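Structural description and commentary
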Amino acid sequence: MADTTREIERKYESGDSGLPDLTGVPGVASLVDKGVVHLDATYYDTADQRLAAASLTLRRRTGGSDAGWHLKFPVAPGVRDEIHAPLSDTVPEDLARLVRSRVRDRELGPVVRLRSERHVRHLLDTARLLAEISVDAVHAERRTGDGGTAQWTEIEVELADHGDPAFLDKVDKRLRKAGLRPSKSPSKLARALAETAPPTHTPQAAPAPAAAPAAAPKQKHRSRPVGKPVTAGDHVLAYVRAQRDALVELDPAVRQDVPDSVHRMRVATRRLRSTFRSFRSVLDREATDPIGVDLKWLATQLGLDRDQEVLAEHLMSALDELPETLVFGPVRDRLTAWSETGHRGAHGKVTAVLDSRRYLTLLDTLDALLADPPLRKKAAATPGKVLAKAVSKDLDKLSGLVTQALDLPPGHERDLALHEARKKTKRTRYAAEAAGPALKAPAEDLVKSMKSLQGLLGDHQDSVMARQALRELAAVAHAAGESAFPYGVLYGREERRAEITENALPEAWRSIRNTAAF
């Protein structure tokens, strides 16, 4: 497993006077010269520089104390997560998977070689390392195209592990006072790509390869360049683009099993699918419906992990609330084993899905749709009326589902009806989110109302799923000769939880219908 560290640093243009005296920086007791190291790093990317376009860097470096492969993801200005892998001749598969949503089927190859002579100094207080400051004399050599070269010197200040970022502000104040200025490039690679480019060409990532649209739209209208949304189509495409970006950016986090990443990726798929369904007057369904099928498939695959995770957390919390006098046998151990086994199996399946051809083709197809959107006539209209009508239509359908569900007696049929209403609530919420920048307060208020309703309906559905799991767990415990009593107690509490939710729904729904502006 690759090792991940958080890198917090600042870069400066090297001045004529070199590195100033830093012993006067508040908190610094001493500056220790650690000598000079020679670093040799080759950066890898696709021919159209997809990683550079996303501010990602993948390199193989020798020299220094951390020789090996390094993959860096941007977190915030001056902050990156760096993933390390052992030195090898080819790109490690673990790192290749983490950039697959960017690279797709393109080959990773060397694009720039950087050789640096690094003079390292440590800034220390009386007992520990505060930061490492280095003066780097860099020689860059382009490995593609005309093979241009460049040279420069820069100063880099990297915060020590678990250090206080505020300390970098103190160093920054001293460096600026000495006449140094922050580097204009966010990284050595970015500067190397810019300064070694052929004179007539500025490096710029080409758009991702696009799959052919599923079907030619009946009516085509040109889309304006990415920028501030103006038309109804602009607003819908901006929302689609944001969700496509979320899928791509969350992919590495899901592969690394980062908490909540599966949930957020699943929400992005649902938002996309809901947007295609809600705004069929804007985007031609002949092109979007096939994409919706693949999005539903992806959401289902992601749900194998997420649903198990949520249910396990809920049951463990419910068990913690029971008095110890009601907990018999190894119920806690059985729940823990059930949770861990389910999660391991589900996560393995999810990572396999992210490597599948169907998933990668879906990303290509979304790129193609955004590059050449299947806009219908109403896409060119002003957004107010078009978007409001679509949101209102979703709200009316939701009203019918909620009314139908509440008219049914408690039981299985009502549970199914409330689950359908929950799905429609999400779709209405996402439609209002997409329309929010155009419709302002009415859409924003509806989003809040839908979140509230979604919470109630979600609690109800969680109770339905919890009762099903408890029945299965009780049967297994009974077959093993264990007491099934605690599962029965939890089941009864879940029944009461569902009853409370169902009793609260009519008033909550009346309040929403009375205040909705659509």
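1. Side note on the overall build of the protein chain
Counting secondary structure elements, the protein chain contains 14 helices and nine strands. Projected onto its principal axes, the C-alpha coordinates of the protein chain cover approximately 80 × 65 × 45 Å. Counting across all 518 residues of the protein chain, residues that qualify as buried make up 46%. Taking all contacts inside the protein chain whose residues are at least 6 apart in sequence as the whole, residues at least 24 apart take part in 73%. Here the protein chain displays about 25200 Å² of accessible surface, and carbon together with sulfur accounts for 51% of that area. Treating the 79 positive side-chain charges of the protein chain as one cloud and the 73 negative ones as another, the clouds have centres 7 Å apart.

2. Remarks on the packing of helix α12 (residues 412-439) against helix α13 (residues 441-479)
In contact at an axis separation of 8 Å, α12 and α13 are set at 155 degrees when each is read in the N-to-C sense. Here α12 lies roughly antiparallel to α13, going by the angle between them. Relative to α13, α12 is oriented so that their crossing is left-handed. Each residue belonging to the contact of α12 with α13 can be placed in one class, and the counts come to 14 nonpolar, eight polar and seven charged.

3. Some words on the packing of aromatic side chains
Aromatic rings in a pair are described by how distant their centres are and how their planes are angled relative to each other. Following the criterion strictly, the structure yields two aromatic pairs and no others. Residues Y44 and W69 carry aromatic rings whose centres are separated by 5.0 Å and whose planes lie at 55 degrees to one another, so their mutual orientation is tilted. Of this pair, Y44 sits in strand β2 (residues 30-45) while W69 sits in strand β4 (residues 68-76), placing them 25 residues apart in sequence. The pair Y44 / W69 is uniform in exposure class, with both members buried.

4. Structural notes on the confidence of the model for the protein chain
Confidence in the prediction for the protein chain averages 91 pLDDT; 93% of positions are at 70 or higher. Overall, residues 205-222 carries pLDDT values under 50, and its contacts beyond four positions in sequence, including any with other chains, amount to 38 contacts.

5. Comments concerning unusual backbone geometry
The phi dihedral of R104 falls on the positive side, at around 60 degrees, and the residue is not glycine. Mapped onto the secondary structure, R104 falls in the loop between α3 (100-103) and β6 (109-124). Accessibility expressed as a relative area gives 9% for R104, which makes it buried. The backbone phi angle of K440 is positive, close to 60 degrees, even though this residue is not glycine. Note on placement: K440 falls in the loop between α12 and α13.

6. Comments concerning α13
Its 39 residues place the ends of α13 57 Å apart at the C-alpha level, agreeing with the 57 Å of an ideal helix rising 1.5 Å per residue. G481, located one to two residues past α13, shows a positive phi value of around 80 degrees.

7. Topic: the side chain of D394
As for its position among the elements, D394 is in helix α11 (residues 383-407). At 3.3 Å, the side chain of D394 forms a polar contact with the side chain of R427. With residues up to four places along the chain from it excluded, the contact list for D394 reads S278, K424, R427, T428 and A431.

8. Comments concerning the pattern of salt bridges
One pass over the full model with this rule turns up 50 salt bridges. K72 is paired through a salt bridge with E82; the nearest N and O atoms lie 3.1 Å apart. Within this pair, whereas K72 is found in strand β4, its partner E82 is found in strand β5 (residues 79-85), the two being separated by 10 residues in sequence. Across the pair, exposure class does not vary: K72 and E82 are buried alike. When the shortest N-O distance is used, the salt bridge between E499 and R496 registers 3.3 Å. Taken together, the residues E499 and R496, both in helix α14 (residues 485-515) and three residues apart, mark about one turn of the helix. Using a relative accessible area of 41% as the deciding quantity, one classes E499 as partly exposed. Through salt bridges with shared partners, a single ionic network connects E7, E9, K11, K72, R80, E82, R118, D136, E154, E156 and K188.

What counts and what doesn't
- Residues numbered from 1 in each chain as written.
- Predicted model: local features only at pLDDT ≥ 70, side-chain atom pairs only at ≥ 80, totals over all residues.
- Heavy atoms only, no water.
- Helix = DSSP H or I, 4+ residues; strand = E, 2+ residues; numbered from the N terminus.
- Buried < 20%, exposed > 50% of the residue type's maximum accessible area, 1.4 Å probe, protein only.
- Contact = heavy atoms within 4.5 Å.
- Areas by Shrake-Rupley, 256 points an atom, 1.4 Å probe, with all protein chains shown as cover.
- Lys, Arg positive; Asp, Glu negative; His and termini not counted.
- Charge placed at Lys NZ, Arg CZ, Asp CG, Glu CD.
- Axes fitted to C-alpha atoms, helices over the stretch in contact; angles between N-to-C directions.
- Parallel < 35°, antiparallel > 145°, perpendicular 65-115°, else oblique.
- Left-handed = near helix turned anticlockwise from the far one by under 90°.
- Nonpolar A, V, L, I, M, F, W, Y, C, P; charged D, E, K, R; others polar.
- Phe/Tyr/Trp six-rings, centres within 6.5 Å; stacked < 30°, edge-to-face > 60°.
- pLDDT = per-residue confidence, 0-100.
- Expected span 1.5 Å × (residues − 1).
- Polar contact = N/O pair within 3.5 Å; in protein donor to acceptor, adjacent residues only side chain to side chain.
- Salt bridge = Lys/Arg side-chain N within 4 Å of Asp/Glu carboxyl O.

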